[in-house]
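Residue-level structure breakdown
The lines below spell out each chain.
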Amino acid sequence: MSRWIAKGLRTGIRTTRFPQAGVRGEEGAPSAIRLRWQGLTAVEGLEAAAICPTSAIETSGTAEEGELRFDAGACILCGRCTRRFPDAFTPVENPRVAVRSRDQLRTTLRWERGEAPAPVALAAAASAVQQAGLRLFRHSLHIRHVDAGSCNGCESELQMLSAPYADLHRLGLFFTPTPRHADLLLVTGVVTENMKAPLLETYAAMPAPKLVIAAGACAISGGSFAGGPTTVGPLDRLLRVDAYVPGCPPTPQALLHGLLLVLGRASQGYRADQEDQGGA
Amino acid sequence: MSGALARLASAAGLQLEWYGGDQAHAAVPGAEFSELVSALARRATLSDLFATTTIKTPPRLTAVLQVADDPAWLLLTADLESTRFASLTAQVHAASWYEREIFEMHGLEPVGHPALGPLRLHHRPEDQPPVPDGRGETAAVPSRINSRRRTPSVTGQGVFQLPLGPVRSGPQESAEFLFYSGGEDIVEVDLRLGFKYRAIELLAEGLRADQAIQLAERLAGTSAFANGLAFTRAVERVSGVDVSPVAESTRALLGEVERLHNHFGSIARLAEATGLLVAAAQYGLLKEETLRTAGRLCGHRYLRGVLRVGGVQVVPGADARAQLQAQIGDWTQRSDRLTRLLEQTSTFLDRLDTTAVLLPDYASEHNLVGPVGRASGIDRDVRRDHPYAAYGSVEFDVPTVADGDAEARFQVFSRELKQSLGIIRQLLEHWPADREEPGVTAWHEGSALGWAEAPGGECLHWVDLDGQGRLLRWRARPPAVVNWHPFAHACGSGNNLTDYPVIEASFSISAAEFDR
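As a starting point, this report considers the structure included with it. Values in this document were obtained by computation on a predicted structure and should not be read as measured data.

With that out of the way, let us pick up the pattern of salt bridges. All names here are of chain B. Considering all chains together, one arrives at 41 salt bridges over all chains under this definition. The residue Arg120 makes a salt bridge to Glu101 at a minimum N-O spacing of 3.2 Å. Separated by 19 residues along the polypeptide, Arg120 in the loop between β7 (109–111) and β8 (160–164) and Glu101 in helix α3 (residues 96–106) bring together distant segments of the chain. You can call Arg120 buried: its relative accessible area is 1%. Glu101 gets classed as buried once you look at its relative accessible area, which sits at 10%. What you see here is one network of salt bridges that share partners, running through Glu256, Arg259, Arg374, Asp381, Arg383, Glu416 and Glu453.

As a rule of thumb, non-glycine residues mostly have phi less than zero, and peptide bonds are mostly trans rather than cis. For the bond running from Ala208 of chain A to Pro209 of chain A, omega is -5°, close enough to zero to count as cis. Counting through the fold element by element, Pro209 of chain A comes out in the loop between α6 (193–205) and β11 (211–215). Here the residue pair Cys248 of chain A and Pro249 of chain A is connected by a cis peptide bond, since its omega of -5° sits within 30 degrees of zero. Although it is not a glycine, Leu303 of chain B adopts a positive phi angle of roughly 65°. By the secondary structure assignment, Leu303 of chain B is in the loop between α8 (277–298) and β11 (307–308). Residue classification places Leu303 of chain B among the buried residues on the basis of a relative accessible area of 0%. Within the chain, Ser508 of chain B stands out as a residue other than glycine whose phi angle is a positive 45°.

This paragraph deals with helix α5 (residues 153–160) of chain A. Counting buried residues in α5 of chain A gives seven out of eight residues, a clear majority hidden from the surface. For α5 of chain A, the complete set of buried residues consists of Gly153, Cys154, Glu155, Ser156, Glu157, Leu158 and Met160 of chain A. Looking at the buried side of α5 of chain A, the elements it contacts are β7 (141–147), β8 (173–175), β9 (184–188), β11 and α8 (252–262) of chain A together with α8 of chain B.

Bringing the side chain of Glu155 of chain A into the picture now. Within the secondary structure, Glu155 of chain A is located in helix α5. Despite its burial, Glu155 of chain A pairs with no opposite charge, the nearest such side chain being Lys196 of chain B at 4.6 Å. Non-local contacts of Glu155 of chain A, meaning those with residues more than four positions away in its chain, are made with His145, Asp147, Ser150 and Thr188 of chain A together with Pro171, Gln172 and Glu173 of chain B.

Once that is clear, we can look at the sheet that holds strand β1 (residues 17–19) of chain B. All names here are of chain B. Strand order in the open sheet formed by five strands is β1-β2-β5-β4-β3, and the pairing between neighbours is mixed. Two strands lie at the open edges of the sheet, namely β1 and β3 (45–52), each paired on one side alone. Taken pair by pair, the neighbouring strands of this sheet meet at an average axis angle of 25°, ignoring direction. With seven bridges joining them, strand β2 (residues 23–29) and strand β5 (residues 73–79) adopt parallel strand pairing. For Gln23, the partnering residue across the bridge sits in β5 and is Trp73.

What counts, and where the lines are drawn
- Residues numbered from 1 in each chain as written.
- Chains lettered and ligands numbered in written order.
- Predicted model: local features only at pLDDT ≥ 70, side-chain atom pairs only at ≥ 80, totals over all residues.
- Heavy atoms only, no water.
- Salt bridge = Lys/Arg side-chain N within 4 Å of Asp/Glu carboxyl O.
- Helix = DSSP H or I, 4+ residues; strand = E, 2+ residues; numbered from the N terminus.
- Buried < 20%, exposed > 50% of the residue type's maximum accessible area, 1.4 Å probe, protein only.
- Contact = heavy atoms within 4.5 Å.
- Lys, Arg positive; Asp, Glu negative; His and termini not counted.
- Pairing = 2+ DSSP bridges.
- Axes fitted to C-alpha atoms, helices over the stretch in contact; angles between N-to-C directions.

Okay, structure coming up:
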């Protein structure tokens, strides 16, 4: 046993300083996609919608007159649009991609009379209450995770939160086995028919006030499995959601950002339609 | 073709139709199917059994068989005249869960099956509308399946039930385990899966095959690449597409990266289950480093979005490859040292030794796959037995242990890590030059099998495409479909309730991959 203690001490501290400092070592694997509307023509927009395997990019109309709806909450980061139209769809490497409101993951472009596409309206900013987060749990938060029908990718990343690099305990965040002790429900996966009842029972067993996070494209929008014959659909059809963490699966840092965001300990760094806002 | 498979087929009087030299199809009359498969399974391994049902065509059964020392697969099909067929389970135990699935999902009754309970569906009302298939027709749906009634399977004085799940203790997958115990011992486990049933194969029907790769990649997150690869290779076989050497090397390389992060994660969970938090942290570091390397190699930590029909979307750049080459030495050294330390830690070994034993006889009767099978003496690995991607050009061993307990599975994990690191080193040393790849020029009609060795074991995907490349039927048989079956048996082999975390970690098996 002493050899293990020596091994642990010799290894030193490997934990990131997230969210205080930037994150290293995550290059190449984006946390989300952003739409730069200046870099997209109508024809390209129609083509992008055709190659998108989910409902993240949808269009209606023609190259003369039409509309493009981009939904980062349905994006599974397959990389087709970013490889094909690198000027318009850009990977976001900053892991601060969680948002408080579903609208902030969406943006709509419209074009008429053959003109270039332009945004219809910017997504609403988070309300003052949302921005403040729930200060009650600021220093200690207990998380109950429910897998409502995931592929095990999100669980794999959640398990990495307890590994040394992310180490959620240093931030006062803990997983709890019982919903009675839980302050926050973290849901992964598209909600299946078979998991609907256990999910709602778990939520009901939690004491108020309680928070809910939808983690990953499946929980946010159904992702790859939207409209399936054995699924109920996105989480916010069943429960009020306090934060959305996009990704397929969301990276450990993005998950940490989502948790800190609902507590008011981190600010939003991503909006589907805006340039990088930095933010910590 | 004059291999072992061809000899076996001619002895059984089968007319074989060969596809590309590595798979042979044969059609037999429905009435003879069960008898023939039972007879063949004495000398061959039954690797899959599934049904295809539509309204217009008669129900069809397909059996997938392989024999030792022959890289080819045998696919045996039979059209049934009714919705009943003779069960194989009494002769071939491995058929048991395949037949339950056929009954549950297609309403074809295996007559004589000893335990025909549901596997995935929990609450299906009798008047549920039938599920459409890819032809725009509706598949036959059984009317008999309804909500599951559970009766205690173990009774006696002092026997009580202890339920675990579907919502588990930590960030884990949803599955339910009902333990029957007399106090400390596990008498039996009633396993209930299917909570995560997303109907992936049905969702893909009607999609063009290249658009369905992303669904194959999302069948299970921790074996995304292997499942995607087996699916893509099945599509390529139907379409007759060639893959360039650099794409083949990329596929083998990323397949091994996936094995690394899985096995590092499995050993981390074993260490956690035995209370060795430093060891769990050390292997957690290795897993995170592997995932980051995957991100640098191909843009996705779980290796998604890489595959395409006819090649790969991304070839790892020279920088990322050089960085990986530098890391290989470090990982090998650290992994070796950690394994040695674990092997000297008695609190670790005591918890694993003789825990959840699967004897070699049981393992071979149920055709177990992957590390779970190889820890019970099953010497099979499709990378060696049915070479694909660049595996034909690298040297590696397939480690097997005969003890069949959790310690044997740990040994297989750690030895496989060493082999995977060796394979990656060889691939990087002989990296082929880039070449333009044509991809799909024209789609063809037909069906074929694709395979890959996932971290959990042999992964088979069978696709049936129409002339436009759309999926008519997709059958996925990832390793979890096979390896959940012995899980309950292993739990009941004289273990205590406190052994349960060790048992689960040693199986390292995904519920999503089973539920699909």
